[in-house]
Amino acid sequence: MSTISTVSASLVDELRSLLGAPNVIEGGDSLESLSKDYYWYSPVLKRLLDDKLAAVAVRVANLEQLRGVLSACAREKVPVVPRGAGTGNYGQCVPIYGGVVIDLAPFSRILEITSDGVVRAEPGARLGTIETEARKKGWELRCMPSTWVKSSLGGFFCGGSGGVGSITWGGINAADNVKSVTLMSCEESPRLVRFEEKDALPALHTYGTTGIMVEIEMRLAPRIDYEQLVFSSENWDALLDWTDLAARNTSWQKRLVTQFETPIPTYFKPLARHFRPGEHVSFLVIEKVSADEAVASAAAAGVRCAYRVAYSDPPKPPFISDYTYNHTTLWAMKSDPSFTYIQSGFGDNFREQFKDLHAKFPGEILFHLEWMADHAVIGHRGSGTVVGEDVGVGGIPLVRFVSEERLQEIIEYCARIGVYIANPHTYALEGGSHHANIEDKRALKAKMDPYGLLNPGKMQTYQINPFAEATV
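Treat the numbers as computed from the prediction; the structure is a model and nothing was measured.

Caption draft 1: Expanded view of the pattern of salt bridges. Evaluated as defined, the whole model comprises 35 salt bridges. In this structure, Lys77 engages Glu188 in a salt bridge whose closest nitrogen and oxygen atoms are separated by 3.6 Å. Here the residue Lys77 occupies a position in the loop between α4 (63–76) and β3 (80–83), and Glu188 occupies one in the loop between β8 (178–184) and β9 (192–196), the gap between them amounting to 111 residues. Residue Arg255 pairs with Glu140 through a salt bridge whose shortest N-O separation is 3.8 Å. Taken together, the residues Arg255 in strand β12 (residues 254–260) and Glu140 in strand β7 (residues 139–141) connect sequence positions 115 residues apart. Take Arg255 and Glu140: they sit in the same class, and that class is buried.

And the structure:
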């Protein structure tokens, strides 16, 4: 049993007075849209979340508006769910118990890009805008999701983990990528608390349950001029061997290393004309000065360069990153809605694990691989100092959905053979991936959310959920 929280007429009037009537949405397509993200990638989450809807959505553009909204909601003990650009996949911004969704998209200023490579911005700042402005000043984002053109900085920090650039810099938790996060508490008199360096890590990837991010400082990387390369081969193993060597070649500065099993490349309609039938494909975003060497290396291994285009300044399409990470799943589902996905990390024996999974689930799994730097090793050695053995093979394989029971069987079998799974078929923070610092996250929530109003139901091991009869 649970309680769906309504919003009183007096609270709606207060929100209208604070924000202006057009910024308080009580129904229609706009309320539906602001209550949802890309949770429907998962047939499990689609079943669980399709009927969830906020009572009210509000758009806030500055600190004082946010303070007023949180104060009003805290007084009436109404659940509050923060929303970035809505490009997440796990129902992060879907309100389980109704209440108020806060759209932070207008709260979007880039406050500063420093001469030593730090961006300071409000939560709604789009990563695409940050990337463009940073490159003008000789910098670029260290890591970003495949949705970087549209996604927000706050949404990435609250719901993401890594992506493009992680081959060199790791994800947002790695080393010193995050300089600081400032949170606003959810209580009658909201407080601002700034967390710096490692103290900021418990606030990351918490779905907005531990406070509303109001200002973020993220370290940038020196700007690199890139080439976007696509390679293809009918021989999966030959392509895999070469791609893995490319990922571990530390003389090549890289931003992306990805491999797709056929027929996945046929789902990339704008690129499909560059591929031959039955070919497997790898993507490489590499420093321009090394591109010729990479192409020659591939040719020597019997791997064809099928596509080559420079990364422009200012950045503008085409971006091959638009087909990687969770974008791959989207392209596949457009062609075949029966697809879903899992998120995985493979061991040093990844070749054997691939063969095992193909044998166990023939025709049910298509491999989409992403090479990423190991977060822990980067933190130990210092940011950006990646050597070959620091790189691991992860990925977001496509799965043909048969039933929830079969999907769970695949997930459990992966764990049994040593394949790490970050389960994308749950909206619970703890169910999605392992959080070594979950106790710190719970302690932070207790500090910033004394009534348990922030995105209730998402941090299921937190003891206070006033909208459920029993908590996990």
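Caption draft 2: Highlighting the packing of helix α1 (residues 9–19) against α4. With their axes 10 Å apart at the nearest point, α1 and α4 run at an angle of 170 degrees to one another. Relative to α4, the element α1 lies roughly antiparallel. In contact with Ser10, Leu11, Glu14, Leu15, Leu18 and Leu19 of α1, α4 contributes Gln65, Gly68, Val69, Ala72, Cys73, Arg75 and Glu76. A breakdown of the residues in the contact of α1 with α4 according to their chemical character gives seven nonpolar, three polar and three charged.

Caption draft 3: Layout of the packing of aromatic side chains. Summed over all chains, the structure comprises 24 aromatic pairs. Ring plane angle 50 degrees and centroid distance 6.5 Å describe the contact between Trp242 and Trp252, whose orientation is recorded as tilted. Taken together, the residues Trp242 in helix α8 (residues 236–248) and Trp252 in the loop between α8 and β12 connect sequence positions ten residues apart. When sorted by exposure, Trp242 lands in the same class as Trp252, which is buried.

Caption draft 4: Quick look at the pairing of β12. The buried count for β12 comes to seven of seven residues, which makes it a mostly enclosed element. Examined bridge by bridge, β12 and strand β13 (residues 280–287) share six bridges and lie antiparallel to one another. In the sheet register, Lys254 faces β13, and the bridge partner there is Ile286. Across three bridges, β12 lies against strand β18 (residues 368–373) in antiparallel orientation. The partner of Gln259 across the bridge, within β18, is Leu369.

Scoring rules and cut-offs
- Residues numbered from 1 in each chain as written.
- Predicted model: local features only at pLDDT ≥ 70, side-chain atom pairs only at ≥ 80, totals over all residues.
- Heavy atoms only, no water.
- Salt bridge = Lys/Arg side-chain N within 4 Å of Asp/Glu carboxyl O.
- Helix = DSSP H or I, 4+ residues; strand = E, 2+ residues; numbered from the N terminus.
- Buried < 20%, exposed > 50% of the residue type's maximum accessible area, 1.4 Å probe, protein only.
- Axes fitted to C-alpha atoms, helices over the stretch in contact; angles between N-to-C directions.
- Parallel < 35°, antiparallel > 145°, perpendicular 65-115°, else oblique.
- Contact = heavy atoms within 4.5 Å.
- Nonpolar A, V, L, I, M, F, W, Y, C, P; charged D, E, K, R; others polar.
- Phe/Tyr/Trp six-rings, centres within 6.5 Å; stacked < 30°, edge-to-face > 60°.
- Pairing = 2+ DSSP bridges.

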